[in-house]
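Coordinate analysis (summary)
Spelled out, the chains give:
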Amino acid sequence: MSAKARAVTVLLTPFFALFTVVMVVPVGYAVWLSLFTEQQSGLGFGGTRTVFSGLGNYAAALGDHAFRDGFLVLLGYCALYLPLLLAGALTLALLLDSALARARRFFQLALFLPHAVPGIIAALIWVYLYTPQLSPVVAAMESGGLGFAFLSPSGALPSVVNIALWEWLGYNMVIFYAALQAVDRSVIEAATVDGAGAWRIATGIKIPLIRSSLVMVALFTVIGSLQLFTEPLILGQGSGSAVTSSWTPNLYAYTAAFARNDYGLAAAASVLLDLAAALLSFAVTRLSARSSRPKGRLPGRRLPGPARPPLAHPKGRP
């Protein structure tokens, strides 16, 4: 083995060891656990025994409308949250990167501070602000004739999106701002000399040059959206909340495991959620790779060359 191969092995071994312990082994155990179920003997007065059920837990999870409805909630959450997050974080990053921005360090810190608050603490704060009997925000809105039930069936999803935006907007803004700082300033100066305005520079130069950062944030946001758990769990404990114990697939698996003691069903739901995350990651990666592929000459096809002048007739006749 060459010295380079040994160095690569030494550097990669800790990563693969940690990846196996914290990722491969838990997922493998969840798959194994999902193939079994607990059954009670007799009329329910005897003990329980573990029996092999094959794909029975997967069929039970997919056949439960509560589990399927959780994916519809996640779909609505992504459709509302992803555009707002990307547009808001990118707009803030472009404003901080512009020549008109002042006190950049202060605004970066102020926008990033909500991300430093743990998710459970942030959810508790917003539960207080959403509860009609306690919230000064709700009282002020009602006094102005702007009543809105944040925890109602129609308001629960926007309320969760609002908490997520409060937590993650500043974090992703820092990612976009760091990518903008890496853009070659000579390109921007050349565009300015050519007469391009601030809007043209932002949309025609800056945003295309940080496309990889946009794709990365979108990918991580989609995966994180599938793992939505803490905020709905806390909001579900609010007064009159429409968030149920199976509002998201994560909550469904949590309730199956720790409220109904059905660990096989919880493992099957978790494996299905993991497969959905893997498929979405693959789809987003393929779409981003296709959109970033340079357009022009296609492989295996020759582009037409320049037109040739007509050959003169050998005898000079037309």
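Just so it is clear, the model here is predicted, and its values are computed rather than measured.

Thresholds applied
Residues numbered from 1 in each chain as written. Predicted model: local features only at pLDDT ≥ 70, side-chain atom pairs only at ≥ 80, totals over all residues. Heavy atoms only, no water. Axes fitted to C-alpha atoms, helices over the stretch in contact; angles between N-to-C directions. Helix = DSSP H or I, 4+ residues; strand = E, 2+ residues; numbered from the N terminus. Left-handed = near helix turned anticlockwise from the far one by under 90°. Contact = heavy atoms within 4.5 Å. Nonpolar A, V, L, I, M, F, W, Y, C, P; charged D, E, K, R; others polar. Parallel < 35°, antiparallel > 145°, perpendicular 65-115°, else oblique. pLDDT = per-residue confidence, 0-100. Expected span 1.5 Å × (residues − 1). Buried < 20%, exposed > 50% of the residue type's maximum accessible area, 1.4 Å probe, protein only. Arc of directions from axis to C-beta. Salt bridge = Lys/Arg side-chain N within 4 Å of Asp/Glu carboxyl O. Phe/Tyr/Trp six-rings, centres within 6.5 Å; stacked < 30°, edge-to-face > 60°. Lys, Arg positive; Asp, Glu negative; His and termini not counted. Core = buried A, V, L, I, M, F, W, Y, C linked by side-chain atoms within 4.5 Å.

Before going further, it helps to spend a moment on the packing of helix 3 (residues 65–97) against helix 10 (residues 211–226). Where helix 3 meets helix 10, the closest approach of the two axes is 10 Å, and the angle between their N-to-C directions is 145°. The handedness of the crossing between helix 3 and helix 10 comes out as right-handed. Counted together, Leu 74, Tyr 77, Cys 78, Tyr 81, Leu 82, Leu 85, Leu 86 and Leu 90 of helix 3 and Leu 214, Val 217, Ala 218, Thr 221, Val 222, Ser 225 and Leu 226 of helix 10 form the full contact between these two elements. Tallied by class, the residues present in the contact of helix 3 with helix 10 amount to 13 nonpolar, two polar and no charged.

Moving on, we come to the packing of helix 7 (residues 156–181) against helix 10. At a minimum axis distance of 9 Å, the contact between helix 7 and helix 10 shows a crossing angle of 160°. Accordingly, the angle class assigned to the pair helix 7 and helix 10 is roughly antiparallel. Crossing angle aside, the handedness with which helix 7 passes helix 10 is right-handed. In contact with Asn 172, Ile 175, Phe 176 and Ala 179 of helix 7, helix 10 contributes Ser 213, Leu 214, Met 216 and Val 217. Per-class residue counts for the contact of helix 7 with helix 10 are six nonpolar, two polar and no charged.

Should the pLDDT be low somewhere, the predicted coordinates at that spot are not to be read in detail. Per-chain confidence: the protein chain averages 83 in pLDDT, with 86% of residues scoring 70 or above. Taken as a whole, residues 296–318 scores under 50 in pLDDT and shows one contact with residues more than four places along the chain or in a different chain.

With 12 residues, helix 9 (residues 198–209) extends 15 Å between its outermost C-alpha atoms, agreeing within 8% with the 16 Å of an ideal straight helix rising 1.5 Å per residue. Residues Ile 201, Ala 202, Ile 205 and Lys 206 constitute the buried set of helix 9. The buried residues of helix 9 occupy one face: seen down the axis, they fall within an arc of 130°. Relative to its buried face, helix 9 has exposed residues pointing more than 90 degrees away, namely Trp 199 and Arg 200. Of the surrounding elements, those touching the buried residues of helix 9 are helix 3, helix 7 and helix 8 (185–193).

Bringing the pattern of salt bridges into the picture now. Should the charged atoms of two oppositely charged side chains come close, the side chains can pair. Per the counting criterion, the structure on display carries two salt bridges. One salt bridge connects Asp 97 with Arg 185, and the closest N-O pair in it is separated by 2.9 Å. On the criterion of sequence distance, the pair formed by Asp 97 in helix 3 and Arg 185 in helix 8 is long-range, its members being 88 residues apart. One network of salt bridges, with partners in common, ties together Asp 97, Arg 185 and Lys 206.

Turning our eyes to something else, we now look at the packing of aromatic side chains. Counting across every chain of the model gives 16 aromatic pairs. Centre to centre, the rings of Phe 67 and Tyr 252 are 5.1 Å apart; their planes meet at 50°, and the pair counts as tilted. On the criterion of sequence distance, the pair formed by Phe 67 in helix 3 and Tyr 252 in helix 12 (residues 249–258) is long-range, its members being 185 residues apart. Assigned by exposure class, Phe 67 and Tyr 252 land together as buried.

Here we take up unusual backbone geometry. Positive phi, close to 55°, is recorded for Asn 261, a residue that is not glycine. Following the sequence through the fold, Asn 261 ends up in the loop between helix 12 and helix 13 (263–292).

Within the element layout of this structure, Thr 37 appears in strand 1 (residues 36–40). Overall, the relative accessible area of 19% leaves Thr 37 in the buried class. Ignoring sequence-local partners within four residues, the contact set of Thr 37 consists of Arg 49, Thr 50, Val 51, Ser 53 and Asn 57.

Positionally, Glu 167 belongs in helix 7. Buried and unpaired, Glu 167 has no salt bridge, with Arg 105 as the nearest side chain of opposite charge at 23 Å. The contact partners of Glu 167, leaving out residues within four places of it in the chain, are Pro 114, His 115, Val 117, Pro 118, Gly 119, Ala 122 and Glu 231.

Assignment of secondary structure puts Leu 35 in the loop between helix 1 (3–34) and strand 1. Along the sequence, Leu 35 and Gly 56 sit 21 residues apart, while their C-alpha atoms lie 7.5 Å from each other. Once you skip the residues sitting within four places of it in the chain, Leu 35 turns out to touch Val 51, Phe 52, Ser 53, Gly 54, Asn 57 and Tyr 58.

Before going further, it helps to spend a moment on the nonpolar core. Ranked by size, the top nonpolar core spans 28 residues in total, and within it Tyr 77, Tyr 81, Tyr 130, Leu 235 and Trp 247 carry the most contacts. Elements with a contribution of two residues or more to this core: helix 3, helix 5 (119–130), helix 7, helix 11 (230–235) and helix 13. At six residues, the largest contribution of residues to this core is made by helix 7. With residues near it in sequence (within four places) discarded, Tyr 130 still touches Ser 135, Val 138, Phe 150, Leu 151, Ser 159, Asn 162, Ile 163 and Leu 235. Listed in part, the 23 residues of the second largest apolar core include Leu 86, Leu 94, Ala 202 and Ile 205.

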